[in-house]
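Inside the fold
The chain contents come next:
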Amino acid sequence: MGTATKIERVMSMFADLLFPRGKVCAWCGRPVGRELLCTECRREVYSWREEYHPCRYCGRLLPAGQGDTCRHCQEERPPFQRARAVGAYGGILKEIIWALKYQGRRSLAGPLGILLAGVVLKELGPESPQLLIPVPLTAARLQSRSFNQAELLARALGRELGLAVAGQALVRVRETAPQVGLSRQARWQNLAGAFRVPEHGLVRGRRLLLVDDVLTTGATAVACTAALLSAGATSVRVVTLATGLEVIANISP
């Protein structure tokens, strides 16, 4: 048996262990082979690739032919190096995130961590992160929900990539108003100074990967990154399950 054949066999055995045949789709329950999602769910999650591409910096999805940088990043570059997401915040991906956050389906975190790992390995550049940092919730939100979905995702992602998670490295030092319904500028003002790194030694000199479920305007990621860089982090990148679609303003009907 040649070396290449041996490697293929080992890889196949490894795939069987991870995704044994006869499994069902992590979302809809349809039968699947080695995939996490069935053909229909996977097609919907990744359908954005047919019409959109990510902004080179913040990862928000731009219509095809609109250049490689969104209007926000043209005005001001975010402090993080790059952000990327599995897909657009809508359709089945939004339903999955809601099931995790608001219906308490924590079992979804494992499969979603595998999807995040794919994004990290393929789209966030060759330099590996050294530590995963989940975006913290407010104390009130954590008490009412009893779990932080970003930390569940970070720990699932950490298991896939063999990386440590620093769940207490970043904290919210004050309550903030809900971001929903606020303008981009209002969101930035709402979160300014809301995060702090209690022990700088945890992040100083390290390449960090910030993990969250959704990136919309990017205000949360910007505020978290500012705190981490102020504490001495070498760099911060961001990975989320979903991101926003860039809305082209002033389009004539």
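Read on for an overview of the structure. Given the structure is predicted, the values throughout are model-derived calculations rather than measurements.

Each value, and the rule that gives it
- Residues numbered from 1 in each chain as written.
- Predicted model: local features only at pLDDT ≥ 70, side-chain atom pairs only at ≥ 80, totals over all residues.
- Heavy atoms only, no water.
- Axes fitted to C-alpha atoms, helices over the stretch in contact; angles between N-to-C directions.
- Helix = DSSP H or I, 4+ residues; strand = E, 2+ residues; numbered from the N terminus.
- Parallel < 35°, antiparallel > 145°, perpendicular 65-115°, else oblique.
- Left-handed = near helix turned anticlockwise from the far one by under 90°.
- Contact = heavy atoms within 4.5 Å.
- Nonpolar A, V, L, I, M, F, W, Y, C, P; charged D, E, K, R; others polar.
- Core = buried A, V, L, I, M, F, W, Y, C linked by side-chain atoms within 4.5 Å.
- Buried < 20%, exposed > 50% of the residue type's maximum accessible area, 1.4 Å probe, protein only.
- Expected span 1.5 Å × (residues − 1).

Focus on the packing of helix α5 (residues 109-123) against helix α7 (residues 149-161)
Between α5 and α7, whose axes approach to 8 Å, the crossing angle comes to 60°. In terms of axis orientation, α5 runs oblique to α7. Read as a crossing pair, α5 and α7 show a hand that is right-handed. Across the interface between the two elements, Ala109, Gly110, Leu112, Gly113, Ile114, Leu116, Ala117, Val120 and Leu121 from α5 touch Leu152, Leu153, Ala156, Leu157, Glu160 and Leu161 from α7. The class makeup of the residues in the contact of α5 with α7 is 12 nonpolar, 2 polar and 1 charged.

Remarks on the nonpolar core
Within the largest apolar cluster, 35 residues are counted, with the highest numbers of intra-cluster contacts made by Trp27, Leu37, Leu112, Leu116, Leu157 and Val239. Of all the secondary-structure elements, those providing two or more residues to this core are α2 (39-45), α4 (91-102), α5, α7, β7 (207-215) and β8 (235-243). Examining the composition of this core, we find that 7 residues originate from one element, α5, more than from any other. Ranked by size, the runner-up nonpolar core spans 33 residues in total, among them Cys73, Leu131, Leu215 and Ala223.

Considering α7
The terminal C-alpha atoms of α7 lie 18 Å apart, and with 13 residues this matches the ideal 18 Å at 1.5 Å per residue to within 8%. For α7, the full list of buried residues reads Gln149, Ala150, Glu151, Leu153, Ala154, Ala156, Leu157 and Gly158. Of the surrounding elements, those touching the buried residues of α7 are α4, α5, β4 (131-134), α6 (139-145), β7 and β8. At the exit of α7 stands glycine 162, carrying a positive phi of roughly 70°.

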